[in-house]
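Now for the letters of each chain:
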Amino acid sequence: MNFQSSDSITINAVKYDLQSLEALAWKKLVNGSIKKKNGFRTMCVGTTNENKDSSLRIVVNRKVDEIKKLIFFHTDNRSRKFYDLQNDNRISLLFYDARQKTQIVVKAHATLHVNTELSNEKWQATSDQARLGYMTILPPNTKSITTTLGYEERFSEVKPTEAESNLYENNFAVIACEVYDLEFLYLDYYGNRKANFYYENGALTDCFWVVP
Ligand SMILES: Cc1cc2nc3c(=O)[nH]c(=O)nc-3n(C[C@H](O)[C@H](O)[C@H](O)COP(=O)(O)O)c2cc1C
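The model shown is predicted, which means the values in this text are computed figures rather than measured ones. Here the residue numbering is sequential within each chain, running from 1 through the sequence in written order. Where totals are concerned, whole chains, interfaces and linings use all residues; where local detail is concerned, this predicted model gives features only for residues with pLDDT of at least 70, and gives and counts side-chain atom pairs only at 80 or more.

(A) Quick look at the site of the ligand. Inspection of the region around the ligand gives 15 residues, with Arg57, Val59, Thr75, Ser79 and Lys81 positioned closest. Runs of H or I in DSSP of at least four residues are treated as helices and runs of E of at least two as strands, each being numbered from the N terminus. When contributions to the shell around the ligand are tallied by element, the ones reaching two or more residues are β4 (54-60), β6 (70-76) and α2 (80-87). Throughout, the ten residues Ala, Val, Leu, Ile, Met, Phe, Trp, Tyr, Cys and Pro are labelled nonpolar, Asp, Glu, Lys and Arg are labelled charged, and all others, Gly among them, are labelled polar. Per-class residue counts for the shell around the ligand are five nonpolar, six polar and four charged. Placing a C-beta atom from the backbone of each residue, we mark the residue near a molecule or strand if the atom is within 6 Å of it.

Listed below in structure tokens is the structure:
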């Protein structure tokens, strides 16, 4: 697409026009997915249920494909967010890192992977400790009269073997979020800056500066 504005902003002494700012936004998201201490390592996920109630929760940013404009996270397919997404696959993701003075909010369409080649590949790469998250006997958020880990108590001492955890792979889901709207807000003492970017099928179709 043609970039309408040649205006630029300065971040850490580097000038960014809309084109390079879009690249920077995706670079920040990619860094979040690969650097454990990066502020964009986690994101707040918003979904909507059938009563139009919105729900928020934090998840780990597992992978970002900056070419296809995809952001991935993992979850239990018995969780409320998974049910929400089965009924309405529109999803919002919110990233904020105080150190980078940057907020990125995206809207996306989610594709749910359970028992697919992709989910199996990611399950194989998941540690025994992380697999415990998918090994609860009852679904996440089920009421319990006692405080509970959800999974067998012995696993708090001795981590499950691969064979033990593999029994729970059916609960594991990879969520691929195809971004169609990205809002980039940079906080600056001399004045905040904001630009919005819009995509169709992973291709940038529009972008412009907006009032922060
Ligand atoms: C730092 C942090 C990271 C988390 N990462 C994940 C994650 O990657 N996937 C996930 O499903 N839940 C994750 N959770 C738990 C969720 O925030 C949430 O409590 C859980 O998934 C149930 O959400 P739901 O009932 O709204 O579906 C994380 C929580 C925290 C605080």
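(B) Region of the structure containing the pairing of strand β9 (residues 172-186). Strands were regarded as paired on the criterion that DSSP finds at least two bridges between them. Relative to β9, β6 is paired through seven bridges, and the arrangement is antiparallel. Of the residues in β9, the one forming a bridge with Phe73 is Ile175. Looking at chain direction, strand β8 (residues 102-114) and β9 are connected through 13 bridges and run antiparallel. Paired with Val105 across the strands is Glu183, a residue of β9. Bridge count for β9 against strand β10 (residues 193-200) is six bridges, and the pairing is antiparallel. Bridge pairing in β10 links Asp181 to Tyr198.

(C) Representation of the pairing of β4 in the model. With C-beta atoms placed from the backbone, a residue is labelled by how many other C-beta atoms lie within 10 Å of its own: buried for 20 or more, exposed for 12 or fewer, partly exposed between the two. β4 sits mainly on the outside: zero of its seven residues count as buried. Sheet topology places strand β3 (residues 42-48) next to β4; seven bridges connect them, and they run antiparallel. For Met43, the partnering residue across the bridge sits in β4 and is Val59. Hairpin geometry of β3 and β4 is characterised by an intervening segment of five residues between the two adjacent antiparallel strands and by a positive phi of about 70° at Lys52.

(D) α2, seen in detail. Within α2, the full set of buried residues consists of Lys81, Phe82, Asp84 and Leu85. Down the axis of α2, the smallest arc covering the buried residues is 160°, so these residues share one side. The exposed residues of α2 that point more than 90 degrees off its buried face are Gln86 and Asn87. Residues are defined as contacting one another if the C-beta atoms placed from their backbone atoms lie within 7 Å. The elements touched by buried residues of α2 are β3, β4, β6, β7 (90-97), β8 and β9. Note that the arc is computed from the directions linking the helix axis to the C-beta atoms.

(E) Structural view of unusual backbone geometry. With a phi angle near 50°, Asn12 is a residue other than glycine that sits in the positive phi range. Summarising the element assignment, Asn12 is placed in the loop between β1 (9-11) and β2 (14-16).

(F) Structural detail: the environment of Arg78. Tracing the sequence through the fold places Arg78 in the loop between β6 and α2. Arg78 sits in the partly exposed class, given 17 other C-beta atoms within 10 Å. Between the alpha carbons of Arg78 and Pro140 there is a distance of 6.8 Å; along the sequence they are 62 residues apart. Beyond its immediate sequence surroundings of up to four residues, Arg78 is in contact with Pro139, Pro140 and Asn171.

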